[in-house]
Amino acid sequence: MTTLANHYPLYTPEAFQTETAEPSYWRASAKPLKQESPSLTNDIQVDVAIVGAGFTGLNAAYALAVLHGMNVAVIDAGEIGAGASGRNGGFCCIGGTAYDGLEQVKHLGLEEALAINRIERRAVDHVRALCEQLDIDVDRSEQGELYLAHKPKRFAEFDDAAAESKKIFGANLSVLTNDQLNDRGYGNQAYYGGLLGGPDYGLHPLKYIRGLADRLMALGVPIYQNSRCTQWTQSQGKHRLITDSGSIEADKVIFATNGYTPEGMIDELSQRIMPLLSSIRVTRPLTEDEITAQNWRRTTCAFDSRIMLNYFRLLPDNRVLWGGRGGTSFSEGAFNRAQRELDNAFNATFTHWKTVDVDYRWRGFVCFTGSQTPFVGEFRPNAYTSLGYHGNGVAMASWCGQAIAQQIVNSEDRHFTPKSFTKLPNKMSFMGMRQPLVKAAYLGYKFSDRWL
Ligand SMILES: Cc1cc2nc3c(=O)[nH]c(=O)nc-3n(C[C@H](O)[C@H](O)[C@H](O)COP(=O)(O)OP(=O)(O)OC[C@H]3O[C@@H](n4cnc5c(N)ncnc54)[C@H](O)[C@@H]3O)c2cc1C
């Protein structure tokens, strides 16, 4: 169906193609799959067909096939993890809505904020437990997350934030000045202090998703790479997903396509989701002398208090991963501009590493919704989706993948899914104006980050 969004796409169509792999550090450093994952070349029938082999799709497949014995098949337009799941920063962290914990109380009410916080924590534990259970080595970094104040004014708010988080969520967060951060091996030239704590950790996202795919395929769950669903039809209670060289007939389908959901494919989601670009750069491995000069030697996941935030982590092989927003268009020029902004922010933070070469640069889509929360549910009879993790999908997409499986197995069981996640996201206004509106919003955020 033709929608307004088709007439005024936010990005050019090649932005959504995942057939060509993004040249990320993760791809250069993960082992290949243990067994071949071919494309779909015939017509098959299953109980549940899943579109998208990322964290959502493969966690749903695992829960349905392994825990509930259903007949499942997964297809992906590119390789396993071709979307955001193979391109992210690897922060396995609390999050998933557009709000932080305390804002959730303000916007969604105390009861719902507590329900979401419970799920966010379980999501982080779920990934750890799944990887341990399936013996997937994901190069887990040290536990905790560091939230850094980019202005003295932000740092002044940290004592209250820590106290409130303790009172409401039982969180144990330490407030540290920049000198105290320095003493703990978090030396930097840009911040005014931080909040440290939490169950969060970093991981190698492609090792996680490929490890999970290997396990699924070993258990007989087919995952077809390079198999884009080009058409989706329904008749006589069955769904049919058609690719260029085969098809799947299924009783139920899950679209696990998040920020790569093709515009116009799911009418019910039209105007309700917004893909936004995030960019990453990764340096060459630092020498021991370079690490000593800067005195940042911890592998804790870190991010800052800007609206246009920077996120970064020292990787286990002493490279530094640094990420941030990725611009408002998919053009080469926009990519280069976004990367220059990352370079400038990195250089201002780690003045001793200014001249260190950058080995990898890439980008990908995160997905926002009109309701500022993920959506996990059935949008048409026997057609489900889970998406909209607001840049926090390593843990949350993994959790929501099994939550959508749970809804399929027992539609009455909402234990897995906070109430606000089950409502179709609100429509966003002015869809035809998305490109200039996002540009204007980013300018406003940058102004606010700098001057307010
Ligand atoms: C640069 C970047 C950094 C990020 N950093 C973090 C982070 O540090 N921590 C964190 O928690 N989150 C992070 N995220 C977000 C996180 O990666 C995502 O929320 C998560 O990976 C979403 O997983 P998913 O399985 O739902 O979707 P995806 O991994 O995006 O998978 C969707 C899949 O659908 C496939 N697909 C789409 N259309 C079709 C079709 N028609 N037919 C077949 N297949 C199709 C795509 O090929 C793709 O593989 C980051 C994202 C990006 C882009």
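Residues numbered from 1 in each chain as written. Predicted model: local features only at pLDDT ≥ 70, side-chain atom pairs only at ≥ 80, totals over all residues.

Asks: Looking at this structure, how should I read the overall build of the protein?
Replies: When you go through the protein residue by residue, the secondary structure sums to 13 helices and 18 strands. Structurally, the protein occupies a C-alpha span of about 65 × 45 × 40 Å along its principal axes. When the 452 residues of the protein are sorted by exposure, 48% land in the buried category. Restricting to contacts in the protein with at least 6 residues of sequence separation, those with at least 24 account for 79%. (Helix = DSSP H or I, 4+ residues; strand = E, 2+ residues; numbered from the N terminus. Buried ≥ 20, exposed ≤ 12 C-beta atoms within 10 Å, placed from the backbone. Contact = placed C-beta atoms within 7 Å.)

Asks: What exactly am I supposed to notice about the nonpolar core here?
Replies: One broad rule of soluble globular proteins: the nonpolar side chains tend to lie buried together. One finds Ile50, Leu58, Ala61, Val72 and Val74 to be the most contacted residues of the largest nonpolar core, which totals 115 residues. With 10 residues, the top contributor of residues to this core is helix α12 (residues 393-409). Not counting chain neighbours up to four residues away, the residues in contact with valine 72 comprise Val46, Asp47, Val48, Ile50, Ala61, Leu64, Ala65 and Val221. (Core = buried A, V, L, I, M, F, W, Y, C linked by C-beta atoms within 7 Å.)

Asks: Explanation requested: the sheet that holds strand β12 (residues 273-283) in the structure shown.
Replies: Note on sheets: strands pair through backbone hydrogen bonds, and any given pair is parallel or antiparallel. Taken in spatial order, the 8 strands of this open sheet run β5-β6-β4-β13-β14-β15-β12-β16, and their pairing is mixed. Taken across any chain shown, the strands that pair with only one partner, and hence form the sheet edges, are β5 (173-176) and β16 (358-369). Across the sheet, the axes of successive neighbouring strands diverge by a mean angle of 20 degrees, strand direction being ignored. Judged from the 11 bridges that link them, β12 and β16 form a sheet pairing that is antiparallel. Each bridged residue has a counterpart across the sheet, and for methionine 274 the counterpart in β16 is phenylalanine 368. The strands touched by helix α7 (residues 158-169) within the sheet are β5 and β6 (194-197), with β5 carrying the most contacts at an inclination of about 170 degrees. In the packing of helix α11 (residues 332-349) onto the sheet, contacts are made with β12, β15 (320-325) and β16, and the angle to β15 comes to roughly 125 degrees. (Pairing = 2+ DSSP bridges. Axes fitted to C-alpha atoms, helices over the stretch in contact; angles between N-to-C directions.)

Asks: I keep staring at the confidence of the model for the protein and nothing clicks. Help me out?
Replies: Parts of the model with low pLDDT should not have their predicted coordinates read in detail. Predicted confidence across the protein gives a mean pLDDT of 94, with 96% of residues reaching 70 or more. Here residues 1-7 is modelled with pLDDT under 50, and outside its nearest four sequence neighbours on either side it reaches 14 contacts, counting other chains as well. (pLDDT = per-residue confidence, 0-100.)

Asks: Is there a simple way to explain the pairing of strand β9 (residues 231-235) in this structure?
Replies: Little of β9 sits out of view: just 0 of its 5 residues are buried. Linkage of β9 to strand β10 (residues 238-242), two consecutive antiparallel strands, is achieved through a turn of 2 residues, within which glutamine 236 is found at a positive phi near 50 degrees.

Asks: Got a minute to help me understand the packing of helix α4 (residues 101-108) against helix α5 (residues 110-133) in this structure?
Replies: Working note: a packed helix pair is described by the angle between its axes plus the distance between those axes. Direction vectors running N to C along α4 and α5 enclose 140 degrees, while the axes themselves pass 7 Å from each other. Taken together, α4 and α5 sit at an angle that is classed as oblique. Where α4 crosses over α5, the two elements pack in a sense that is right-handed. Residues Gly101, Gln104, Val105 and Leu108 of α4 lie in contact with α5, whose contacting residues are Leu110, Glu112, Ala113, Ile116 and Asn117. The residue inventory of the contact of α4 with α5, partitioned by class, reads 5 nonpolar, 3 polar and 1 charged. (Parallel < 35°, antiparallel > 145°, perpendicular 65-115°, else oblique. Left-handed = near helix turned anticlockwise from the far one by under 90°. Nonpolar A, V, L, I, M, F, W, Y, C, P; charged D, E, K, R; others polar.)

Asks: Help me out: how do you make sense of helix α3 (residues 55-67) in this one?
Replies: An α-helical turn contains 3.6 residues, so any two residues separated by three or four positions project in the same direction. With 13 residues, α3 should cover 18 Å at 1.5 Å per step; its first-to-last C-alpha distance of 17 Å lies within 8% of that length. The buried count for α3 comes to 11 of 13 residues, which makes it a mostly enclosed element. Taken together, the buried positions of α3 are Phe55, Thr56, Gly57, Leu58, Asn59, Ala60, Ala61, Tyr62, Ala63, Leu64 and Ala65. Contacts made by the buried residues of α3 are with β1 (43-51), β2 (72-75), α9 (205-218), β11 (247-255), β18 (383-387) and α12. (Expected span 1.5 Å × (residues − 1).)

Asks: Would you explain α9 in this entry?
Replies: Between its first and last C-alpha atoms α9 spans 20 Å; for 14 residues at 1.5 Å apiece the expected length is 20 Å, and the two agree. Summarising burial for α9: 11 of the 14 residues are buried, a large majority. When α9 is considered as a whole, its buried residues turn out to be Pro205, Leu206, Lys207, Tyr208, Ile209, Arg210, Gly211, Leu212, Ala213, Asp214 and Leu216. Here the buried face of α9 lies against α2 (25-29), α3, α5, β8 (223-224) and α12. Looking one or two residues beyond α9, the residue adopting positive phi is glycine 220, at roughly 95 degrees.

Asks: Teacher, can you tell me more about the environment of valine 320 here?
Replies: With respect to the helices and strands, the residue valine 320 is situated in strand β15. A tally of 24 C-beta atoms within 10 Å means that valine 320 is categorised as buried. Apart from the residues lying within four places of it in its own chain, the contact partners of valine 320 are Thr283, Leu286, Phe312, Leu314 and Trp353.

Asks: Explain the packing of α3 against α12 here, please?
Replies: Between α3 and α12, whose axes approach to 7 Å, the crossing angle comes to 40 degrees. With respect to α12, the element α3 is oriented oblique. Along this stretch, α3 crosses α12, giving a crossing that reads as right-handed. Contacts between α3 and α12 pair Phe55, Thr56, Gly57, Leu58, Asn59, Ala60, Ala63 and Leu64 from the former with Gly393, Val394, Ala397, Ser398, Cys400, Gly401, Gln402, Ile404, Ala405, Gln406 and Ile408 from the latter. For the contact of α3 with α12, the class distribution of residues is 11 nonpolar, 8 polar and no charged.

Asks: In this structure, what is going on with the environment of leucine 110? I would like to understand it.
Replies: Tracing the sequence through the fold places leucine 110 in helix α5. Counting along the chain gives 58 residues from leucine 110 to isoleucine 168, while the straight-line C-alpha distance between them is 8.6 Å.

Asks: Mind showing me how you'd approach the pairing of strand β13 (residues 301-304) here?
Replies: A regular strand carries its side chains on alternate faces of the sheet. A two-sided burial pattern is seen for β13, the buried positions comprising Cys301 and Phe303 on one face and Ala302 and Asp304 on the other. Summarising the sheet, strand β4 (residues 145-148) and β13 pair through 4 bridges and their orientation is parallel. Paired with tyrosine 147 across the bridge in β13 is phenylalanine 303. Pairing between β13 and strand β14 (residues 311-314): 2 bridges, direction antiparallel. Across the sheet, alanine 302 pairs through a bridge with phenylalanine 312, a residue of β14.

Asks: Whenever I open this one, unusual backbone geometry confuses me. Can you help?
Replies: Among all residues save glycine, negative phi is the norm, and among peptide bonds the norm is trans. Positive phi values are uncommon outside glycine, yet asparagine 295 reaches one of about 60 degrees. If you trace the backbone, asparagine 295 turns up in the loop between α10 (288-294) and β13. In this structure, asparagine 318 is a non-glycine residue whose phi angle is positive, near 70 degrees. Summarising the element assignment, asparagine 318 is placed in the loop between β14 and β15.

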